[in-house]
Amino acid sequence: MRRPATATVDVARSEQYRFLSRVLICAPDRALLDAIASIEGDQTPMGAAFNALAAAAAETDPHAVEREYFEVFVGVGRGELLPYASFYLTGFLNERPLAELRADLARIGVARAEGRHEPEDHIALLLEVMADMAAGNIDIDIAGQGAFFGRHIAPWAGQFFDDLAIAPSARFYRPLAEIGRLLTDIESRAFTLAA
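So, a few notes on the structure that sits alongside this text.

What counts and how
Per chain, residue numbering runs from 1 following the sequence as it is written. Selection of residues for local features in this predicted model requires a pLDDT of at least 70, selection of side-chain atom pairs for listing and counting requires 80 or more, and totals for whole chains, interfaces and linings are taken over all residues. Computation of side-chain values covers all heavy atoms of the structure but excludes hydrogens and water. Helix numbers and strand numbers start at the N terminus; a helix is a DSSP run of H or I with at least 4 residues, a strand a run of E with at least 2. C-alpha atoms define the radius of gyration, and 2.2 Å times the number of residues to the power 0.38 defines the globule rule. Whether a residue is buried, partly exposed or exposed follows from its accessible area with a 1.4 Å probe, protein chains only, as a fraction of its type maximum: under 20%, in between, or over 50%, in that order. Buried Ala, Val, Leu, Ile, Met, Phe, Trp, Tyr and Cys residues that are joined via side-chain atoms within 4.5 Å together make up what is termed a nonpolar core. Any two residues having at least one pair of non-hydrogen atoms within 4.5 Å are treated as being in contact. Aromatic rings from Phe, Tyr and Trp, taking only the six-membered ring of Trp, are treated as a pair when their centres fall within 6.5 Å; an angle between ring planes under 30 degrees marks them as stacked, one over 60 as edge-to-face, and anything in between as tilted. A pair is scored as a salt bridge if a Lys or Arg side-chain nitrogen falls within 4 Å of a carboxyl oxygen belonging to Asp or Glu.

## Brief notes about the overall build of the protein chain
On a plain count of helices and strands, the protein chain comes out with 10 helices and zero strands. Tracing the protein chain from N to C terminus, the helices and strands come up as α-α-α-α-α-α-α-α-α-α. The C-alpha atoms of the protein chain give a radius of gyration of 16 Å, which matches the 16 Å a tight globule of 195 residues would have. Reported as C-alpha extents along the three principal axes, the dimensions of the protein chain are approximately 40 × 40 × 30 Å. By residue count, 45% of the 195 residues in the protein chain fall in the buried class.

Structure, rendered in structure tokens:
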């Protein structure tokens, strides 16, 4: 059942999650790079992070960021980072965190999308689920959102974003890591206060 987001904050949360998801699932194209380059953040830490990302987008081109994405997330054999909960939590891919996630997704009525080949515990897919929760596309209350976040994102996403910030090939993705880290921190605190 679809529950539309009713609060401005929920819309903003959904947009933040969806933006991060989009840029972490594949390299941005020219149109997205141009859109990112036009962002003007405010004086908050999040605004400063968006300003840094806008500057990075203005200084790169689609070919360079595609190569960066490949080096950081794909690589020959493997990328510099493995953006999967199972890897961060157990040191191996396709382990218990993925099985637990699949069970929780089934419980809330979320199925794997056609044509998706990444395991569901990829950071971008988890952020997409959170975006849909915040937007009201997945009918779950704030306590349920907090439980999902606390179980499947909070235990490892901060470390993932810290690692992304220092990945050897990261240029464009370095300021994106700060945005992800800040969003993870903000959401962790907000869910704690809502509990």
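Now, onward.
## Side note on the nonpolar core
In terms of nonpolar packing, the biggest core is built from 51 residues, with L24, F73, F160, L164, F172 and Y173 touching the most fellow members. In terms of residues, this core owes the most to one element, helix α7 (residues 123-135), which gives eight residues.

## Considerations on helix α9 (residues 157-165)
Three or more residues of α9 are buried, namely A157, G158, F160, F161, D163 and L164. Among the structural elements, α1 (8-25), α4 (62-74), α5 (85-90), α7 and α10 (173-194) are those in contact with the buried residues of α9.

## Looking at the packing of aromatic side chains
Geometrically, a pair of aromatic rings is defined through the distance of the ring centres and the angle of the planes. As enumerated under the stated definition, the model contains 12 aromatic pairs in all. Relative to F161, the ring of F160 lies with its centre 5.1 Å away and its plane at 65 degrees, an arrangement referred to as edge-to-face. Taken individually, F160 and F161 each receive the classification buried, so the pair is uniform in this respect.

## As for the pattern of salt bridges
Under the defined criterion, the tally for this structure stands at 14 salt bridges. Residue E187 is joined to R13 by a salt bridge in which the shortest nitrogen-to-oxygen separation is 2.9 Å. Of the two residues, E187 sits in helix α10 while R13 sits in helix α1, which places them 174 residues apart along the sequence. Residue E187 is classed as buried on the basis of its relative accessible area, which comes to 4%. Here D185 makes a salt bridge to R181, at a shortest N to O gap of 2.9 Å. With a gap of four residues between them, D185 and R181 both fall in helix α10, about one helical turn apart. Overlapping salt bridges bring together R96, E100, D104, R107 and R151 as one network.

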